[in-house]
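So the chains spell out like this:
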Amino acid sequence: MFVFGDSLVDNGNNNFLSSLAKANYYPYGCDFNGGRPTGRFTNGRTIADMLGALLGLPYVPPFANPTTVGTRILGGVNYASAAGGILDETGQILGQRYGLSQQVVNFEINLSELRLMIGATNLTQYLAKSVAIVVAGSNDYINNYLLPGSLYSSYTPHDYANLLLNHYARQMVALHSVGLRKFLLAGIGPLGCIPNQRATGRAPPGRCVDSVNQMLGSFNEGLKSLVDQLNTRYQGATFLYANTYAVFGDILNNPSLYGFKVIDTGCCGIGRNQGQITCLPLAMPCANHNDYLFWDAFHPTEAANAVFAWRAYLGPPNDCYPINLQKLAFL
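Numbering of residues starts from 1 in every chain and runs along the sequence as written. Local features in this predicted model are restricted to residues whose pLDDT is 70 or higher, and side-chain atom pairs enter the listing and the counts only when it is 80 or higher, whereas totals over whole chains, interfaces and linings include all residues. Hydrogens and water are ignored here; the side-chain numbers use all heavy atoms of the structure.

As annotated in an unreviewed UniProt entry, the protein is GDSL esterase/lipase from Cannabis sativa.

K.L.:
Mind showing me how you'd approach the state of the cysteines here?
P.N.:
Two cysteines, two sulfur atoms, one covalent bond between them: this is a disulfide. When the sulfur atoms of two cysteines come within 2.5 Å, that pair is taken as a disulfide. Tallied over the entire structure, the rule returns three disulfides. Shown here is the disulfide that connects Cys-193 with Cys-208, its sulfur atoms set 2.1 Å apart. The sign of the 110 degrees torsion about the S-S bond sets the Cys-193-Cys-208 disulfide as right-handed. Note that Cys-193 is positioned in the loop between strand E4 (182-186) and helix H6 (195-198) and Cys-208 in the loop between H6 and helix H7 (210-215), a separation of 15 residues in sequence. Here the two residues Cys-193 and Cys-208 agree in accessibility, since each one is buried. Cys-268 shares a disulfide with Cys-279; S-S distance 1.7 Å. Across the S-S bond of Cys-268 and Cys-279 the torsion is about 45 degrees, and the bridge reads as right-handed. Where helices and strands are cited, they refer to DSSP runs of H or I of at least four residues and of E of at least two residues respectively, numbered from the N terminus. The rule is simple: take the accessible area with a 1.4 Å probe, protein chains only, and divide by the maximum for that residue type; under 20% is buried, over 50% is exposed, in between is partly exposed.

K.L.:
Explain empty space enclosed by the protein here, please?
P.N.:
Think of a 1 Å grid over the protein atoms and nothing else: a 1.4 Å probe that fits but is trapped marks a cavity, an open set flanked by protein within 12 Å on at least five of seven lines marks a pocket, and residues with an atom within 4 Å of a point count as lining. Grid points are joined across faces, edges and corners, and a volume is the space filled by probe spheres set on the points. The final tally for this structure, using the stated rule, is one cavity of 30 Å³ or more. By volume, the largest cavity amounts to about 40 Å³. Along the walls of the largest cavity sit Ser-7, Leu-8, Phe-41, Thr-42, Thr-46, His-299, Pro-300 and Asn-305, which together make up its complete lining.

K.L.:
Even after reading the chapter, I still don't get the sheet that holds E4, so can you show me in this structure?
P.N.:
In a beta sheet, neighbouring strands pair by backbone hydrogen bonds and run either parallel or antiparallel. Each pair of strands is called paired provided DSSP finds at least two bridges between the two strands. Reading across the sheet, the six strands line up as E2-E1-E3-E4-E5-E8 and stay open at both edges, with mixed pairing between neighbours. Of all strands in the sheet, those with a lone pairing partner are strand E2 (77-78) and strand E8 (320-321), marking the two edges. In this structure, strand E1 (residues 2-5) lies alongside E2, joined through two bridges in parallel fashion. Within E2, the position partnered with Val-3 by the bridge is Asn-78.

Laid out in structure tokens, this is it:
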């Protein structure tokens, strides 16, 4: 399993970068691996961790860790980087990060190592059976388009989404060209409902920021369309679209069905909705982590990540299109 994306799936890459976007301190990771923070931006496992477990795979190491060499990379590698986006400049206000294009370059570095280890013929078979998980795009809105003075503020939401999708498609074609054949591409969830956006005061108390959610439609619909195009263009490869927005919507509409009691406030953070910033070092989080949909101003709890992972793994086409990850694994 090879993981690409942002802080929703970063498992420690930013620990090794000069970045303000880090989660290598308590209370992050308080429910993971004996409570030792690893750089995951949640209390426990990420969506990628859970998808890997459902596929029967071990945790994959972060690319930036100097120990991620040799046989450690045979089970896969995680390239995701907090603050990273589809566009190279996304997240630059937070310092160093790997954008999607750099993550693809990093993957190709590991590919050279794998080729030396297992040989070109074996590598072709190995990559054809591997799964690429891609969770990207949120930062291109939160840490780019929605920022005051953004380079792209003159773009309509539709034009900006098209710009993102063109860059995104280029990277997926690059990954396919070097041998990957199984892809899960996650859409963007309703960012207008995260505590950070609720804290802006641009919506009445208890409401999401509808204007932010509406602008994501062009991207998500375009990503699903891109999946169709790639599946048509590349026979022998399978691309899936994970409908994060719809799954999130289900939880928000029926929180008690999923065991959540608090859906608008982070379990830790400060300010309105605990949504001003991420968790401060050694901050005391809420008492019952599983009651909360959000861990901090931006990121879901482990309990929420479990819902997303199961729906992508076993869900119907409205959750994961055109087939789910379990079916993809058997192809």
